Structures are given as structure tokens and as C-alpha cells.
Amino acid sequence: MSSRGTKQKKGNVTNEQEEEDQPLQAVLIADSFNRRFFPISKDQPRALLPLANVAMIDYTLEFLTSTGVQETFVFCCWMSNKIKDHLLNSKWCRPTSPNVVHIITSDLYRSLGDVLRDVDAKTLVRNDFILVYGDVVSNIDVSQALQEHRRKVDKNISVMTMVFKESSPGHKSRCEEDDVIVAMDSKSKRVLHYQKTQGLKKLQFPMNIFQHGSDEFEIRHDLLDCHISICSPQVAELFTDNFDYQTRNDFVRGILVNEEILGNQIHLYVTNEGYGARVSNLQMYDSVSSDLVRRWVYPLTPEANFTDQRGQGCAHSRHNVYRGAGVSLGHGSQMEENVLIGRDTSIGANCHISNSIIGNYCTIGDNVVLDRAYIWNNVHISNKVKIHQSVVCDGVLVKEAVLLNKQCVLAYNVVIGPNMSLPEGTVVSMHHPEEEEDDDDDEFLSDDQVVGNSKDKTKQKGPVCVCVCLVFQLEVLGTLQRGEEENIGCDNLVLEINSLKYAYNITLKEVMQILTKVVLEYPFQQQGTKLSSSQYTVLLLPLLKKWSPVFKNYIKRAQDHLDCLSAVEELFLEQETHQTAMVKVLMNMYQLEILEEDAILKWFSAGATTDKSRQLRKNQGLQKFIQWLKEAEDESSEEGE
Amino acid sequence: ENYHISWQDSRNRSETTLNNMPGADKETDLSERIEAFLADLKRGGSGTGPLRGSGEMARETTALLRRITAQARWSSAGDLMEIIRNEGRRMTAAQPSETTVGNMVRRVLKIIREEYARSRGSSEETDQQESLHKLLTSGGLSEENFRQHFASLKANVIEAINELLTELEGTTDNIAMQALEHIHSNEVIMTIGRSRTVEAFLKDAARKRKFHVIVAECAPFCQGHEMATSLSKAGIETTVIADAAIFAVMSRVNKVIIGTQTVLANGGLRAVNGTHTLALAAKHHSTPLIVCAPMFKLSPQFPNEEEIFHKFVSPHEVLPFTEGEILSKVNVHCPVFDYVPPELITLFISNIGGNAPSYIYRLMSELYHPEDHEL
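Quick notes on the rules
- Residues numbered from 1 in each chain as written.
- Chains lettered and ligands numbered in written order.
- Predicted model: local features only at pLDDT ≥ 70, side-chain atom pairs only at ≥ 80, totals over all residues.
- Heavy atoms only, no water.
- UniProt positions renumbered as here; feature names shortened; annotations may be inferred.
- Helix = DSSP H or I, 4+ residues; strand = E, 2+ residues; numbered from the N terminus.
- Buried < 20%, exposed > 50% of the residue type's maximum accessible area, 1.4 Å probe, protein only.
- Contact = heavy atoms within 4.5 Å.
- Areas by Shrake-Rupley, 256 points an atom, 1.4 Å probe, with all protein chains shown as cover.
- Core = buried A, V, L, I, M, F, W, Y, C linked by side-chain atoms within 4.5 Å.
- pLDDT = per-residue confidence, 0-100.
- Domains from an automatic or database assignment.
- Buried area = accessible area lost by both parts, 1.4 Å probe.
- Salt bridge = Lys/Arg side-chain N within 4 Å of Asp/Glu carboxyl O.
- Pairing = 2+ DSSP bridges.
- Axes fitted to C-alpha atoms, helices over the stretch in contact; angles between N-to-C directions.
- Polar contact = N/O pair within 3.5 Å; in protein donor to acceptor, adjacent residues only side chain to side chain.

You'll find chain B entered in an unreviewed UniProt entry as Translation initiation factor eIF2B subunit beta, with Esox lucius given as the organism. Turning to chain B, the UniProt record has this under Sequence similarities (unreviewed entry): "Belongs to the eIF-2B alpha/beta/delta subunits family." UniProt, in its Subcellular location (unreviewed entry) section for chain B, records the words "Cytoplasm, Cytosol".

Chain A is annotated in an unreviewed UniProt entry as Translation initiation factor eIF2B subunit epsilon of Esox lucius. According to the UniProt record, the Sequence similarities (unreviewed entry) comment for chain A reads "Belongs to the eIF-2B gamma/epsilon subunits family." Its UniProt record gives chain A the following Subcellular location (unreviewed entry) comment, quoted word for word: "Cytoplasm, Cytosol".

Here it is, written out as C-alpha cells:
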């Protein structure tokens, strides 16, 4: 639409006209590089999962086509054959399609960064392009954002414009993982600071955003990330130059940090009209599905059948009830509101269905209650089943009197026996859980910071991480030994440890824990394990004093203190005979101001999880130390005021 | 016991492409245009009613049908009618609320029938609709299968479609020419929302007469504001009121002149939401309600087809997205159209003159053949 319009614009300068004659291009990444939808996405790639009975990638392509994109590059990694087949059979690959779709597959992509580096290597994009993921659902008209972006690019400063939607913080279509706080210049809409909130209540802003020369800037928390970006061709080059940029987040932070050097700027486009959201996890799947059924994404509504597939059309009735062709409803059944039923599905008698989406060719028995249920194709549900806020995938057989509580997932081809009740959050799949680790040689790097749920990450890192940590530990030990022999200053030690951190790709938290462990084990390394507690203490304390600056470099925030304490605890749990020495160690660390009393008290009162650690805390000496600490704290708080 | 309530899938019959045509460059160009038109239909009207006016839609449809007649392969009138019918079904399925598309398809089908009849030499009168008299006297149904080939049929049909296009272009002017008969000096006229036909009508009268216009803003799209701006630029004294004030102000109004999206087969209207309120208030005060609608808006549809009568767009206009949490607890609907029953309407002004609502059925039989009512 918009690019045809630009062709007819009165081109004043010939270059401008040439530029505008270029077709608008888009890069669509049909892989999310994370495992939010496991184990469902083991059988079907995420881009082909049905959202209101239409594959997710169809929504994205429709959004791109209606906003005037004429050439799209679809990059697939996981299960690329299925995506390719789907696209070749869809309306996007017909010769009459205004949007030409090129499908590029490779098994080597591990992140957004890899894809963009490939784009740069193959020089696929000639001009500004739109960057989206394959699971974005939107009806925003990007042409205005594109014009603004082009105006800024003319002055050679804007590298990327991110499209955001205004929405208040509690809205259910806001993904918690993507929650951002942005500081931006009000007039030019330039991004000054970009930070993910990650559920924190207090945030820090650097002072330089106040000194940017513009007199009006805003800090906004009411933005919903649509994951649509308008990029200039430099973006691909910048990704190639900085090969450690893996996600869009890295890129934005990198640009903001290096701004003075390179002069690149990132801008925001905040829209009030239109809808845009990304289905990044099951919560978002729920919200976006219900928004689709409630017609927020008009004209991409279920009865519009925008994919032009035979038999896909349905009828829209009162209260947002959509029925496909050949649907039969039993006697006394009610479809209350916001229900979408696919074709040739039959529903039994006395059922109650609300806020649900049912796929094609399903059979539902009598007396079934479905509330916020997402049921895909070819599912057979027997009588007296109740499903609440769950996803049931293709080919599942649910037998009689099953109750699925909230947030359950039944993956492909599962059979659930009669008279069962599944507790909240159950995932049932045909795939064995251990199978996951074999497939995974490299880590996947994704945009989503996991908030408080580190299970997935540790599983992924499992076999690889252990070896790396051990090697790192040995290296640190070597560094400290050399430090002692050659009397190397603490600054240099910190430098060496930092470089090891980058070389082995260890997180800061682990660096600090391993450092603690190595230092505490140092006397054992030197003199063997047959030391008595007093000998151990005698050897250790001077080391602690000498290396306290190194510790202080790594232990800065409250969380670091707790991590260090847990490392200390872990060590002394292993070395049970030396538990008496622990008190002295803690005392010393406190006096050297490596650890704070608040942290120690918190660790003591809150941290006991296993029997052994509880036993540890009952140690006499330790209890005396804690008592002393509390008195000291009271005194100092009295004196302090 | 199961009662089966299944939905007749009449729409899916239409999802055949032009695959039965052997491909040539002209064919692909034609299919591309049709696909582009269908895509525009599906996407058009995102929110504030159709992005283009009905007049433009009618002209585009007719131009497309003319192109199909010129470029598609057909050997007899029956083939051509079949092709046009198929494409017509697809187009009406793409956007059921856009009835002008279907109306134009039916007009073209009627044109083909007429041209065929003329080529065959039989007079135009005999092939009109089936009446009881004809059934009794003709001794069996005349099997008219349109299979005869006439060389000049294509040229004749295209010429007739060109005439239709000329007629379409002149409708607004034709209606505006009648303005002076209906609007007198110092009258207060009320209207709602934005209608290009009514705008032209009022502007034409304003050249010679002085009168006041009250425009109801027509929430939630508030197109009345644009109407008021445009009218005041032409020098007409305009007042904008909220929809809730319609009844209060009605006692001071002499006439109500409105436009509409569709005129239904029973003489009722499918107009922008808020029109029913206006019509009821006018009836209560016995104020005449005049509808300015060109003939191409007349549709053989009746208002009982619940599922395709209404168009619901994004609830954003009613309760914006930024409201936050409340949206997950509340159902919000934003309908675009209203039904106005024929009893509330006084007069229809169209390009062929003024008519009473009870006469609409007759006009329809002149425009469309009864077999084409169901595409």
C-alpha cells in the first residue's frame, strides 16, 4: 500500500525517487531461539503453532503485506522443512502475491545476531527494512513510523526505530519478561536509556541521560514492546562488527554505550492506534488469543479468513461466538461468549463453553466444561471433562471425567486416562524429559531474561557447564598461586580473573563463588587436607587480608553478599571437620568489610534449606557470633543517629 | 438426543480461483488485480467505516468487471455470467458489509442478460420476472441457458458497462441538482455523521438559499466533525451536537436529511450507528426524514440475515487499549451500522428522482434480475 504510493510521489531529486522505488523489505525470523514452548515445539516449530486456528507466521506475514512490504526474507532454523512446506502452500507464495517471500534455512543460527550477520554477509537488504519475529501479531500501519525513520536517517543518525505500543502497566497483553523502562527525549523520540525491569521495584538511572542537551525527556513504563523494528542497513553491519551482540537487547545497550564514539542513535515510535504483541510464552498465547477473539486486531479477525484457505471461514455471531462450517452443537449446550469453534467439530449435550478456542475436526462429549481452554485439531474429549485455562494439542484423547486445572499443557498425541485430576501447571508430553539434553550442544541465546525461573537454563547448561567451571577454577587457583609467589598487586589479580571470566564465559556470580571457594580451599591445596582447624585458620586469615580488595571488587550488591555466604556455607558443609573454623572466617570477613552484617544476619535467618545446613547453624560458635553481631548492630544503630 | 444446528457454508463455494483458465500474461495480470482488490476489501474499513466512499468502491468494482469481461476467456453469455458470478461471490465473501460490490455484480449480470436478449432479437419485455400469468400461459418454463454465441456480445456488454460507469460518476451531481426543490430559506436541517452525497446536496442548495445545519457528531468515530468543517467552509451556518442531544434539539428542526450505506430490499436502511435514534426522534416530532442515496446502494438483501448484517470493528474506539486491566474483565463491542425500519422514512432522493419507501421493491426489479438476488 504505502510503497505503491511512494512510487507515485513527485520525486524532486532523482536519488530520492530511486530510493523510493526500491521495494520495502522485511526480515522475518521464524525461530525464537528459546524453549518457552517446549515440549510442544518439539513436534511443530513455534511459527506454525495455531493461534485462533491460524498459524502464527501467517499473522506476521499478513501484517507485513498490509503495511506495504514487497519482499520478505524468512529465516528458519528449527524444523525448517515444515515451515517451508507451509509457506509454499500458503497464499504468500502464489504468483499473484504482492509480497515476494524468500525462505532461507540454516541449522547454524543460534540467535538473532547470527541471522543478521548472515543478512549482512549475503547483502540481502539494500535499504531500510523491517525486522520482526515469526510470532508477532499486529495490525499497526508502520508506514508513518517508516517515514519518520527515513527523515532521521537522512541526517545520518538514526540506526533503528523500535515500535512500541502505549499500554498501562497492568495490562494482560504485556509480557512480564519484556517489561522495559525507557528514558527518551520527548521531541526527537530518541532513546537515552533502556532497561528491563525484571520484576525489580527500584531502578537506577545513569546521570548522563540528564545531560544530553535536550531540555525535555520522559521516563516511561507504559510501553508494550511489539518486537517490530525498522532498521537501517547499518544494523546488519554493526552486528557483524560486534560478534558478541546476540539479541536486540545487546544491540540497544551497545549502541547506547558507544554513542559518543559512533554517533548512532536509536529512536522510538510509540503508537496509540493499532495492536501489536508477540507470543513469547504461554501467558502471552492466552492474552493474544483472547484479544484476537475479541476483535482487537481488526481486520485480522477469525471470520475474515485472511489466509484464503478453503473452508476456513466462520460465521461471527453475538457475543463474539464464531462457528466454522459443519459445526454441530448438542442439546442444551451453551457457547457463552468469546468462543471460536473450527470446522466439522461436534459438541455434545449440556456443555458449557466460554472464552475458548477449539480447532477443526474435534469431538467433544456431553457435560463438558471448557473455560479459557485452547484445543487444537483432531482432539477427542469424552464426557464429563472439565478444562480450565489449558492448552490441548493435536490428536489428544481425553477420557472420561478428567479435570485439568489451570495452566496445564497436554502435548501432541497424549492420552489421559479416565477419572484423573491434573494439578495446576502440569505438562504432559510423549517425549521423555531426558531426551532434551542430548539435542543441545550449544547454548541458545534469546532475548528473554528469565525472571526467577532458572530451571531451563541450568538444564541446558548441564553437561557443558561443569567442565568449564572446573577449568576456570583451576585457572583461578593458578592465578592466586602466582599472585602469592610473585607478590602481584590485587588490581592485576582482578584483571587476570576478569580476562579468565571472558575467556570461559562465566557469569559474575559464579566468578565470585568460585573465587570464594578457591581462596577458602587454598590452605588445603598448599598443605593438604590434614590440617587442624586452628592451623587452617592461621594460614587462611592473612590470605583473606591480602586478597580482600579482590573480594571487594566482586562483592558489591546485596545479592553478591548472599551468594558469597552461600558459597562459604557450601564449602564448610563439605569440610565438616573444619566447621569450627567457619566462625573465624566469617568474623574476619566481616571485619575486613568484605561482608556486611545485614547480609550475614539475613543469610543466617533465612538460608537453611537442608538438614545439614540447619545443623551448621546450630554450631555454638556461629550462634555466639550472630549474637555478637546483633548486639553490635543495635549499638551502632543507636549511636548512628 | 442431539439437535444439529449446522451452519450452511455457502461462502466456501466461492473459494475457487481462476484455475480453470489456461494461463497467459493477461490472465495473471487479471488475477493479480482481482487478488489485490480482494485483499483491499478484506483490509479496508479498519475502524471508521470503509476507507473509500461507496461511490469509489462501486466504480472500482465496475471497472474490474469490465476488465474481466474484456480479458477473460469465454465463448457464450452463460460462461461469462458464471465467471462473474464466481468472482462476485468471492468479493462479497471478502467483505460482506460492503454491499455496493454485490450490487454492481448484479447490475452487470442484468446487463449481460439484456444484451443477450437483444442479440437474440427477442424483445426485452418478455424475459422479465416470472409472474403467475406467465407461468400459466407460457406452457412450461422457458429454458434460457444463454449458450448461444454472438460475436458482438462482448462489445455490446462492454459498451453497456461503460454507460453504467458514466451513470455512476454522475450520481452525486444528479442528486445535488434536486436540492433546491427540497430545501427552503431559513430552514433548520439536521444530519448525522458524514455523507458525501448529503454534503454535495447541502452545498448545492447553499448557493441560492440561506439555511442552518445541525450535525450530530456520531460517536465513536465522530465523522460529524469533518462534515461540519467542510460545510462551514462552504459558508453554511453549522452547529455540531452530541448524539445525546438529538432528541432535545429535534423540536426546532424542519427536516432531517441523511445519507446511508445501504438501502435494503424492504425500504429500510443500513446506516451509520446513531441513525436509528435520529429516525425515532424525527418520527416522534413528525419531522420528515429524507434519505439521499444513489441507486447503486440499493441491495436485494433483507435485514433478517443476522450474521452478515453487522460489522464489528476493533473495540479500541469505545474503550481504548490504554485502559489496562479492566479490559480483561469486560466485553467491549463496537458496531458500525444501525438498522432503520422503512416506517420511519419519508422520502428517498436518488439519481432518478424522489421515491417513497414503499416503492423500493419496484425499483429493485428494474435494476436486478430475480435470479441474481442470490449470487
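And the narrative resumes.
*Asks:* Whenever I open this one, the overall build of chain B confuses me. Can you help?
*Replies:* Looking only at helices and strands, chain B features 13 helices and ten strands. Out of the 375 residues in chain B, the part that is buried amounts to 52%. In chain B, 80% of the contacts between residues at least 6 apart in sequence involve partners at least 24 apart. Carbon and sulfur atoms form 50% of the exposed surface of chain B, whose accessible area is close to 17200 Å².

*Asks:* Even after reading the chapter, I still don't get the nonpolar core, so can you show me in this structure?
*Replies:* In a soluble, globular protein the nonpolar side chains are often hidden away together inside. All names here are of chain A. Core analysis: the biggest nonpolar cluster contains 71 residues, and Ile-57 and Phe-251 have the highest contact counts within it. Each residue touching Ile-57, except ones within four places of it in the same chain, is listed here: Leu-28, Ala-30, Ala-47, Leu-48, Val-74, Ile-83, His-86, Leu-87 and Gly-134. By size, the runner-up hydrophobic cluster in this structure holds 56 residues, among which are Val-494, Phe-551, Val-568 and Ile-626.

*Asks:* Please clarify how the confidence of the model for chain B should be interpreted in this entry.
*Replies:* Residue and element names in this part refer to chain B. For chain B, mean pLDDT is 84; residues scoring 70 or higher make up 86% of the total. Within the model, the stretch residues 1–23 combines pLDDT values under 50 with 51 contacts to residues more than four positions away or in other chains. pLDDT under 50 marks residues 45–50. Its contacts with residues more than four places away, or in other chains, come to 15 contacts. Confidence metrics for the complex model read pTM 0.74 and ipTM 0.83.

*Asks:* How should the domain arrangement of chain A be read in this particular structure?
*Replies:* How big an interface is tends to be stated in terms of accessible area lost as the parts join. Residue and element names in this part refer to chain A. Here the domain parsing of chain A yields domain 1 (25–282), domain 2 (313–432) and domain 3 (468–639). The C-alpha-based centres of domain 1 and domain 2 are spaced at 34 Å. Counting residues at the interface gives ten residues for domain 1 and 15 residues for domain 2. The contact between domain 1 and domain 2 buries some 1000 Å² in all, and 71% of this surface belongs to carbon and sulfur atoms. It is Pro-39, Ile-40 and Asn-53 that lose the most area in domain 1 upon contact with domain 2, and together they represent 48% of the buried surface on that side. Linking domain 1 with domain 2 are zero salt bridges, by the criterion used here.

*Asks:* So what exactly am I meant to see when it comes to the pairing of strand β10 (residues 191–196) of chain A here?
*Replies:* Where a strand is regular, its side chains alternate between the two sheet faces. All names here are of chain A. Of all the six residues making up β10, five are buried; the element is thus mostly covered by neighbouring parts of the structure. Bridge analysis of strand β9 (residues 180–185) against β10 gives five bridges, and the strand direction is antiparallel. By the bridge assignment for β10, Ala-183 is matched with His-193. Where β9 folds back onto β10 in an antiparallel hairpin, the turn is made up of five residues, including Lys-189, whose phi is positive at roughly 60°.

*Asks:* So what exactly am I meant to see when it comes to the sheet that holds strand β8 (residues 337–340) of chain B here?
*Replies:* Pairing between the strands of a sheet is mediated by backbone hydrogen bonds and can be parallel or antiparallel. All names here are of chain B. As summarised here, the arrangement of the three strands in space is β5-β6-β8, forming an open sheet in which the pairing is antiparallel. Two strands in the sheet have a free side with no partner beyond their single neighbour: β5 (262–263) and β8. Inspection of the sheet shows β5 paired to strand β6 (residues 269–272) by two bridges, in the antiparallel sense. Note on β6: the bridge partner recorded for Thr-262 is Arg-270. Sheet contacts for helix α11 (residues 275–284): β6 and β8; angle to β8, the most-contacted strand, approximately 30°.

*Asks:* Explanation requested: the domain arrangement of chain B in the structure shown.
*Replies:* All names here are of chain B. For chain B, the assigned domains read domain 1 (25–42 + 52–122 + 147–165) and domain 2 (174–372). Just the C-alpha atoms count here: the centres of domain 1 and domain 2 sit 29 Å apart. Buried surface at the junction of domain 1 and domain 2, summed over both partners, amounts to about 1600 Å²; 52% is from carbon and sulfur atoms. On inspection of domain 1 and its partner domain 2, the count reaches three salt bridges.

*Asks:* For this particular structure, what's the right way to read the interface of chain A and chain B?
*Replies:* Between chain A and chain B, the contact holds 52 residues from the first and 42 residues from the second. Between chain A and chain B, roughly 3900 Å² of surface is buried when both sides are summed, and carbon and sulfur atoms account for 52% of that area. Summed over the three residues of chain A that lose the most area to chain B, namely A:Thr96, A:Trp296 and A:Tyr298, the buried surface amounts to 19% of that side. Along the contact surface separating chain A from chain B lie two salt bridges. In this structure, A:Asp308 engages B:Lys42 in a salt bridge whose closest nitrogen and oxygen atoms are separated by 2.9 Å. Along the contact surface separating chain A from chain B lie eleven residue pairs in polar contact (both at pLDDT 80 or more). When contributions to the side of chain A that touches chain B are tallied by element, the ones reaching two or more residues are α3 (56–66), β8 (158–166), β15 (314–317), β16 (321–324) and β17 (328–329) of chain A.

*Asks:* So what exactly am I meant to see when it comes to unusual backbone geometry here?
*Replies:* Comment: phi is negative for the bulk of residues other than glycine, and the bulk of peptide bonds are trans. Residue and element names in this part refer to chain A. Here Phe-38 and Pro-39 are connected by a cis peptide whose omega angle stands at -5°. Considering the arrangement of structural elements, one finds Pro-39 in the loop between β1 (25–29) and β2 (50–51). Between Tyr-298 and Pro-299 the backbone carries a cis peptide bond, its omega angle lying at 5°. Positionally, Pro-299 belongs in the loop between α10 (282–293) and β15. Backbone geometry at Asp-344 places phi at a positive 55°, although glycine is not the residue there. Structurally, Asp-344 is set in the loop between β19 (339–341) and β20 (346–347).

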